[in-house]
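Overview (structure and organization)
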Amino acid sequence: MREQRIALVTGANQGIGYAFVRELATRLNEEDLVLLAGRDPDRVATAVAELADSEAGMARIEGRVLDVTDGEAVAALARELGAVDIVISNAVGPLHPDRTQAEQADVFIDVANLGAQAVLREFGPILRPGGRLIVVASSLGTLEQLPEALWGRFDGVTLDEVEQAVEEWRAAIHDGTAEEKGWPEWINFPSKVAQVAAVRAVAADRRTRDLEDGTLVASVCPGLVDTRASRPWFDDFSQAKSPAEAVKPIVDVILADRTDPAMYGELVRDGKILPWKPSTR
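Being a predicted model, the structure only gives us computed values, none of them experimental. (Residues numbered from 1 in each chain as written. Predicted model: local features only at pLDDT ≥ 70, side-chain atom pairs only at ≥ 80, totals over all residues. Heavy atoms only, no water.)

**Observations concerning the pattern of salt bridges**
Heads up, the condition is: By definition, a salt bridge exists where a carboxyl oxygen of Asp or Glu is found within 4 Å of a side-chain nitrogen of Lys or Arg. The secondary structure listing takes helices from DSSP runs of H or I that are at least 4 residues long and strands from runs of E that are at least 2 residues long, numbered from the N terminus. Think of it in three bands: residues with accessible area under 20% of the maximum for their type are buried, residues over 50% are exposed, and the middle band is partly exposed, with areas taken using a 1.4 Å probe on protein chains only.
The full count for this structure, using the stated rule, is 20 salt bridges. For Asp85, the salt bridge identified is with Arg128, shortest N-O distance 2.6 Å. Placement of Asp85 in strand β4 (residues 84-89) and of Arg128 in strand β5 (residues 127-136) is noted, with a sequence separation of 43 residues between them. Of the two residues, Asp85 and Arg128, neither departs from the other in class, the shared state being buried. Its salt-bridge partner being Asp160, residue Arg121 comes within 3.0 Å of it at the nearest N-O pair.

**Quick look at the packing of aromatic side chains**
Here is the rule we go by: Here is the rule: rings of Phe, Tyr and Trp (six-membered ring for Trp) pair when centre to centre is within 6.5 Å. Planes less than 30 degrees apart are stacked, more than 60 are edge-to-face, and the remainder are tilted.
On inspection of all chains with the given rule, the structure shows three aromatic pairs. Ring geometry for Phe154 against Trp183: centres 6.1 Å apart, planes inclined by 80°, an arrangement best described as edge-to-face. With a gap of 29 residues between them, Phe154 in the loop between β5 and α5 (159-175) and Trp183 in the loop between α5 and α6 (188-213) connect regions that are remote in the sequence. Per residue, the accessibility class of Phe154 equals that of Trp183, and both read buried. For the pair Trp169 and Trp183, a centre-to-centre distance of 5.9 Å together with 35° between the ring planes defines the contact as tilted.

**Section: the nonpolar core**
Filter applied, for reference: Residues belong to a common nonpolar core when they are buried Ala, Val, Leu, Ile, Met, Phe, Trp, Tyr or Cys residues joined through side-chain atoms within 4.5 Å. Contacts are assigned to residue pairs that have any heavy atoms within 4.5 Å of one another.
Residues Phe20, Leu24, Val34, Leu36, Ile88, Phe123 and Phe154 are the most contacted members of the largest nonpolar core, which totals 95 residues. Ignoring anything within four residues of it in the chain, the contact list for Ile88 reads Leu8, Val9, Thr10, Phe20, Leu24, Ile134, Val136 and Ile254.

**Considerations on the pairing of β5**
As a reminder of what qualifies: Clockwise travel from the first strand over the helix to the second, with the strands pointing away from the viewer, marks a crossover as right-handed. In this analysis, strands are considered paired if DSSP registers two or more bridges between them.
Of all 10 residues in β5, eight are buried, a share of seventy percent or more. In terms of handedness, the path from β4 via helix α4 (residues 101-123) over to β5 forms a crossover that is right-handed. Of the pairings in the sheet, the one linking β5 to strand β6 (residues 216-221) comprises five bridges and is parallel in character. Residue pairing across strands places Leu133 opposite Val217, the latter belonging to β6.

**Observations concerning the side chain of Gln117**
Tracing the chain through its elements places Gln117 in helix α4. The exposure class of Gln117 is buried, given its relative accessible area of 3%. In contact with Gln117, not counting residues within four places along its chain, are Leu159, Val162, Glu163, Val166 and Ala198.

**Section: empty space enclosed by the protein**
Quick note on the threshold: Grid points spaced at 1 Å and placed over the protein atoms alone form the basis of the search, with a cavity being a set where a 1.4 Å probe fits but cannot get out and a pocket an open set showing protein on both sides within 12 Å along at least five of seven lines. Lining residues have an atom within 4 Å of a point. Grid points are joined across faces, edges and corners, and a volume is the space filled by probe spheres set on the points. The classification used treats Ala, Val, Leu, Ile, Met, Phe, Trp, Tyr, Cys and Pro as nonpolar, Asp, Glu, Lys and Arg as charged, and all other residues, Gly among them, as polar.
Scanning the entire structure with this criterion turns up one cavity of 30 Å³ or more. A volume near 110 Å³ is recorded for the largest cavity. Lining of the largest cavity is provided by 15 residues; of these, Pro249, Ile250, Val268, Asp270 and Gly271 occupy positions nearest its centre. At the level of elements, β6, α7 (243-255) and β7 (267-269) are the ones that each hand at least two residues to the lining of the largest cavity. The class makeup of the residues in the lining of the largest cavity is 11 nonpolar, one polar and three charged.

Here's what the structure looks like:
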């Protein structure tokens, strides 16, 4: 019998995260474990119970209460598990059209950026050879979404430098200097770029040994998905995917016996690599 595989999905009590848990549980084996993590204990318990009642699949599903903005809590879970095979960082704080971007910046940045950075930092070292370390991002996470003057803050940098850039951007939002420093008004743009940059930074450090043992570190874009977070921002969902539809091609990549080495460290959408930099200016 092969060794138990352990998968962790953050932000998993609803939407895309919930769909990831269900898809993984369906396709993994009965000796495997899928951890459904979220910060609200009641929602986590409800989600796990729903999946158990629906007989979603063969793997065992357990809930974990985890606030990804709490770095020590993320580190503690990594210590508890000791080793993992699949980690999907999916937690995100929704934006609301009826509130200013500045009002929402802290919660959004804490969850989407500090959370992803903590997951990368703590779970990267305990990822088993051949494992998968994935951050759910967006096609908005490419450098062309930022003025070229800001590219150097995120291109070819370390994870520490990504974190520093995020905190300086946050400070500029609060002291009213973000616009004059070139930051886009919509906070989703820098946030997504920083998510992808964090993945690229971690991947750069690990590339040689990961490619040797078939490990994949990457960011993924699920496309337009009909979720609670996206509903306030779009009028036409006729081309949108359901969460279940959106995660299938991503899980195909995660569970593939072999992955394309060209995907390593990159942003992937529908099996294709999205360019980090524009090909022409």
